[in-house]
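# Topology and contacts: notes
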Amino acid sequence: MNEIMQDEIKKKRKEEWIEAWFAIEVMGATEAIVKESLENHVEKLEKTKNVLVYEKKLSEIKNIENPPKQLKEAFSQVAEVKLFAKDLATFLIVVMLYGPSAIEVHGPVRKEVKINELQEIANAVSGIM
């Protein structure tokens, strides 16, 4: 990790952005589909406004032993992503849009939610429902 990114991480922690780890899994019929889909998904996450992805790691593509009945064979790949989200609304929208299969929130210890942010969260959830 370069020095500029380390400085940016320190800045986000000081500003109390929400820091988290996501595991995002993709399954598909071919290795190429899985690879391309996951890479595109993570790239979109990286371009999301008020989000800083500071680390990403893609696992090797694995053959699924018992694929869904409609597929002869299936493949899976996992991306582990460390990121910051500026506020709770951004964080929850990212969770809903990018569908991580596992999440660990690393900080901050406490977060105040303003009424306008709660409104934004409620509208985002309502829109997805």
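Details of the structure are given in the entry above.
Residues numbered from 1 in each chain as written. Predicted model: local features only at pLDDT ≥ 70, side-chain atom pairs only at ≥ 80, totals over all residues. Heavy atoms only, no water.

### Re a nonpolar patch on the surface
Stated formally: Residues with no salt bridge and a relative accessible area higher than 30% make up the patches, which join like charges within 9 Å and nonpolar side chains (Val, Leu, Ile, Met, Phe, Trp, Tyr) within 5 Å. Accessibility throughout is a Shrake-Rupley quantity obtained with a 1.4 Å probe, and a residue counts as covered only by protein chains that appear here. Any Lys or Arg side-chain nitrogen found within 4 Å of a carboxyl oxygen on Asp or Glu counts as a salt bridge. The helix and strand labels rest on DSSP assignments: H or I over at least four residues marks a helix, E over at least two residues marks a strand, and numbering proceeds from the N terminus.
Together, Met96, Leu97, Val125, Ile128 and Met129 make up a nonpolar patch on the protein surface, roughly 510 Å² of accessible area in all. Broken down by secondary-structure element, the contributors of at least two residues to the nonpolar patch are helix H3 (88-98) and helix H4 (115-128). Within the secondary structure, Val125 is located in helix H4.

### Some remarks on the nonpolar core
How we decide: Definition of nonpolar core: a set of buried residues of the types Ala, Val, Leu, Ile, Met, Phe, Trp, Tyr and Cys, connected through side-chain atoms within 4.5 Å. Working definition: with a 1.4 Å probe on protein chains only, accessible area under 20% of the residue-type maximum means buried, over 50% means exposed, and in between means partly exposed. Two residues form a contact once any of their heavy atoms are found within 4.5 Å.
One finds Phe22, Leu45, Val81 and Leu83 to be the most contacted residues of the largest nonpolar core, which totals 19 residues. At the level of secondary structure, the elements contributing two or more residues to this core comprise strand E1 (18-28), helix H2 (31-46), strand E2 (51-58), strand E4 (75-85) and H3. Each residue touching Leu45, except ones within four places of it in the same chain, is listed here: Ile24, Val51, Val53, Val81, Leu83, Val94 and Tyr98. Among the nonpolar cores identified, the runner-up in size contains five residues, and Ile9, Leu52, Tyr54 and Phe84 belong to it.

### Quick look at helix H1 (residues 3-14)
Along an α-helix, a turn takes 3.6 residues, which lines up residues three or four apart on a common side. The criterion, for reference: Take the number of residues in a helix, subtract one, and multiply by 1.5 Å to get its expected span.
Taking 1.5 Å as the rise per residue, H1 with twelve residues should run 16 Å; its terminal C-alpha atoms sit 17 Å apart, in good agreement. Phi turns positive one or two residues past the end of H1, at Glu16, with a value near 60°.

### Describing the side chain of Lys12
By secondary structure assignment, the location of Lys12 is in helix H1. In this structure, Lys12 is in contact with Trp17, Leu52 and Phe84, ignoring residues within four places of it in sequence.

### Concerning unusual backbone geometry
Gly107 connects to Pro108 through a cis peptide bond whose omega is -5°. Among the structural elements, Pro108 can be located in the loop between strand E5 (102-107) and H4. Although it is not a glycine, Glu16 sits at a positive phi angle of roughly 60°. By the secondary structure assignment, Glu16 is in the loop between H1 and E1. The exposure class of Glu16 is partly exposed, given its relative accessible area of 42%. Its identity as a non-glycine residue notwithstanding, Asn50 has a phi of 65°, on the positive side. Summarising the element assignment, Asn50 is placed in the loop between H2 and E2. We classify Asn50 as partly exposed; its relative accessible area is 28%.

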